[in-house]
Amino acid sequence: MARDPHAQTSSHVAEKLHTKSLTPYILRLAPTIMTDFNIILFMCNWGPHAAFQALQDRSAEIPDEIKMVRIPCAGRISKALLLRCFEMGAHGVALVGCRAGSCRYGAGSSNAEDHVADARGILRLLGLGKERLRLATFLPDEPEQLLSFLRDFSREIASMGSGPVPPSAERQVPAEAPDRVREILAAHDVYACQDCGKCSSACPLTLAGKPFSPRAIANEVIAGHIHFPDVQRDIWACLTCGLCYDRCPSGVDFAAFIRDLRHYLTTRGDPACVAHGGFFQSLMRTMTCNNLRPRHWDWLPKDIETDPDSRVLFFGGCAPYFDVFFRTHLGVRTRDILVDGLRLLNFFDIHPALLMDERCCGHDLLWSGDRDNFLKLARLNVEAIRDRGIEQLITACPECYHTLATDYPREGIELGFKVTHLFDLIEKEVDKGAVSFKKLDRRLTFQDPCRMSRFENRPDLPRKLIGRLEPLSFTEMPDHGASAICCGNSAWVGCDAFSKALQVRRIRQAHGTGSDLLVTACPKCQIHLRCAMEDPFLGEELNIEIMDLTSVLAKTIEWE
């Protein structure tokens, strides 16, 4: 039967949606909607809600498990919010909007189609099943069609049964620990800060014009001002790129300091300031569910040779999710990095094993303050890798490499296997001889990934391989190696206009070298720099082809 709580809940949300995000209201409803069996119904306030109201007026039997949330437009429901519902334990989600051409906001219907298509692709990769998310459209005079859809969808979800993600427990805010901030300050020797300003003079954000200073944050936290809004804003703005640590005469590891401050703030219940509505953090938290079985490699080309019994494992990372999420506005192809990495291994007769249900390494959870879920994910990963009897793990992603090789052991996770970056393996194999590279009719420059050039202190590694190529030219940008400028974002935290200005500056430096191919070595560098090229005013000026070094190597390597 139709229920009054529907109307009460939906009107409360509708009142707030015009000025605030819907997410806090979904979270507030969590205790009531996350029952044994539930379907969240996002319903547009215009056409379809009139049809729904007609059903309520005649007391139509609407399935009890459907929890309706009234929204101003279906196009306002982001991929992040759709995924968040499943992270909270929803068994199904329906987004009901207006028919194409009848949307009061113009692009709402097409936006909803794109968001649902992308979210369904993500759900498929996660192993949750894209069938659990549906989009439907109705006119005001179609209450019977709407009722039929609700009943059919409810039966379909019931036949699938409960999903592998249990309802998320409400996070308990721990008792205040007055000494915790002082412990963080001491752990990273922040008291040794000489207030010399070398960090600020090197900080990419400061140089991009942002009123931001690492030493100022250090001073404010030492003074006990961590809960000041401006201080917390800057804690979330930091790129954690490590340039300040490289320049600090006192050796203050400011990036690690920020990482631990974020963890402290999130455990207190303070809101994180993350990009894309927290989509990628939600994705990784969902992966901490032990019963989840992602379909990480289903898309892999058939000609790639792997061996499930191999003691060498290739770890891919989040590229498949990136390509689905950004497909409609960036068109990135970071999966190509994984395919080309495997082709390079096959070239040297290495047929690695793959974890077909591979999870993310957890880098973004750790660096956005969620250490607890990072540790859950790390333990699941290590357990799965050990169970396969793996002796060596190879990855082409610098963040995966640093996280697995350095962060896991530092956080107390014992590996029991060796972690190798793909570039190390390729350099070793090429050094044996009998291998050359085809001439490359391109002028190259190179964008250093922070986690490799500074965090692992390996700026030489990609350059060894670039030195083996035969391009028309290779010209370094003014800031390169250990001094390279960040791509403008890390762990999907702190993306703003100043990050964009930083990316624009970096691309202009690339153009200044006379190069026509910007070579990267991290999928996120490619994503963030491509994003800057979407600028409607500077797009033509900024445009430059980007290719990962892994792909450049795979396309040019040959036997002598």
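Here goes a summary of the coordinates provided.

## Describing the overall build of the protein chain
- Scanning the protein chain from N- to C-terminus turns up 26 helices and 13 strands.
- In summary, the protein chain has a C-alpha radius of gyration of 25 Å against a globular reference of 24 Å for 560 residues, a match within 12%.
- Per-residue burial over the protein chain gives 57% buried out of 560 residues.
- A fraction of 82% describes how many contacts in the protein chain between residues 6 or more apart in sequence connect residues 24 or more apart.

## Describing the packing of aromatic side chains
- According to the stated counting rule, one finds 19 aromatic pairs in the structure shown.
- Considering the side-chain rings of Phe280 and Phe326, the 6.0 Å spacing of their centres and the 25° angle between planes classify their relative orientation as stacked. On the criterion of sequence distance, the pair formed by Phe280 in helix H14 (residues 279-286) and Phe326 in the loop between helix H15 (319-325) and helix H16 (335-347) is long-range, its members being 46 residues apart. An identical accessibility class is assigned to Phe280 and Phe326; each is buried.
- Put simply, the rings of Phe279, Phe280, Phe322, Phe325, Phe326 and Trp492 touch in pairs and so form one group of aromatic residues.
- We note Lys79 situated over the ring of Phe325; from NZ or CZ to the ring centre the distance is 4.0 Å.
- In this structure, Arg259 packs its charged tip against the face of Trp367, placed 5.2 Å from the ring centre.

## Let's talk about the sheet that holds strand E6 (residues 392-395)
- Pairing is parallel across the open sheet formed by 3 strands, whose spatial order is E5-E6-E7. Of all strands in the sheet, those with a lone pairing partner are strand E5 (312-315) and strand E7 (418-421), marking the two edges. The mean angle between the axes of side-by-side strands here comes to 25°, regardless of whether they run parallel or antiparallel.
- Of the pairings in the sheet, the one linking E5 to E6 comprises 4 bridges and is parallel in character. Each bridged residue has a counterpart across the sheet, and for Val312 the counterpart in E6 is Gln392.
- Taken strand by strand, helix H20 (residues 422-430) contacts E6 and E7, and its axis lies near 75° from that of E7.

## Describing the side chain of Arg262
- Here Arg262 lies in helix H13 (residues 254-267).
- Although Arg262 is buried, it forms no salt bridge, and the closest oppositely charged side chain is Asp364 at an N-O distance of 9.2 Å.
- Here Ile235 takes part through its backbone oxygen, which lies 3.1 Å from a polar atom of the side chain of Arg262.
- Those residues in contact with Arg262 that lie beyond four places of it in its chain are Ile235, Trp236, Ala237, Cys238, Thr240, Trp367, Ser368, Gly369 and Val493.

## Some details on the pairing of E7
- In terms of strand pairing, E6 meets E7 through 4 bridges, oriented parallel. Within E7, the position partnered with Gln392 by the bridge is Lys418.

## So, the pairing of strand E9 (residues 439-446)
- Sheet topology note: the E9/strand E10 (residues 470-474) ladder contains 4 bridges and is parallel. When the sheet's bridge partners are listed, Leu440 is paired in E10 with Pro471.

## Considering the packing of H16 against helix H26 (residues 549-556)
- In contact at an axis separation of 8 Å, H16 and H26 are set at 45° when each is read in the N-to-C sense. Put simply, H16 runs oblique to H26. Remark: the crossing between H16 and H26 carries left-handed chirality. Contacts from Asp336, Ile337, Asp340, Gly341 and Leu344 in H16 reach Thr550, Ser551, Leu553, Ala554 and Lys555 in H26.
- Of the residues that constitute the contact of H16 with H26, the class distribution is 4 nonpolar, 3 polar and 3 charged.

## Description of the pattern of salt bridges
- Applying the stated criterion across every chain yields a total of 41 salt bridges.
- Note that Glu87 is salt-bridged to Arg285, the shortest N-O span being 2.6 Å. One end of the pair, Glu87, is in helix H4 (residues 79-87); the other, Arg285, is in helix H14, with 198 residues separating them in the sequence.
- What makes Glu87 buried here is its relative accessible area of 8%.
- Relative accessible area serves as the criterion here: at 22%, Arg285 is assigned to the partly exposed category.
- Residue Glu470 pairs with Lys439 through a salt bridge whose shortest N-O separation is 3.0 Å. Note that Glu470 is positioned in strand E10 and Lys439 in strand E9, a separation of 31 residues in sequence.
- Exposure remark for Lys439: the relative accessible area of 70% places this residue in the exposed category.

## Quick word on helix H24 (residues 523-532)
- Of all 10 residues that make up H24, 8 are buried, and the element is covered over most of its length.
- Residues of H24 that are buried: Pro523, Lys524, Cys525, Gln526, Ile527, His528, Leu529 and Ala532.

## Points about unusual backbone geometry
- The backbone of Ser59 sits at a positive phi, close to 55°, despite the residue not being glycine.
- When you line up the elements, Ser59 lands in the loop between helix H3 (47-57) and strand E2 (66-71).
- The partly exposed category is assigned to Ser59, whose relative accessible area is 39%.
- Notably, Trp492 is not glycine yet its phi reads approximately 55°, a positive angle.
- Mapped onto the elements, Trp492 comes out in the loop between E10 and helix H23 (497-512).

What counts and how
Residues numbered from 1 in each chain as written. Predicted model: local features only at pLDDT ≥ 70, side-chain atom pairs only at ≥ 80, totals over all residues. Heavy atoms only, no water. Helix = DSSP H or I, 4+ residues; strand = E, 2+ residues; numbered from the N terminus. Rg over C-alpha atoms; globule rule 2.2 N^0.38 Å. Buried < 20%, exposed > 50% of the residue type's maximum accessible area, 1.4 Å probe, protein only. Contact = heavy atoms within 4.5 Å. Phe/Tyr/Trp six-rings, centres within 6.5 Å; stacked < 30°, edge-to-face > 60°. Lys NZ or Arg CZ within 6 Å of the ring centre and 35° of its normal. Pairing = 2+ DSSP bridges. Axes fitted to C-alpha atoms, helices over the stretch in contact; angles between N-to-C directions. Lys, Arg positive; Asp, Glu negative; His and termini not counted. Salt bridge = Lys/Arg side-chain N within 4 Å of Asp/Glu carboxyl O. Polar contact = N/O pair within 3.5 Å; in protein donor to acceptor, adjacent residues only side chain to side chain. Parallel < 35°, antiparallel > 145°, perpendicular 65-115°, else oblique. Left-handed = near helix turned anticlockwise from the far one by under 90°. Nonpolar A, V, L, I, M, F, W, Y, C, P; charged D, E, K, R; others polar.

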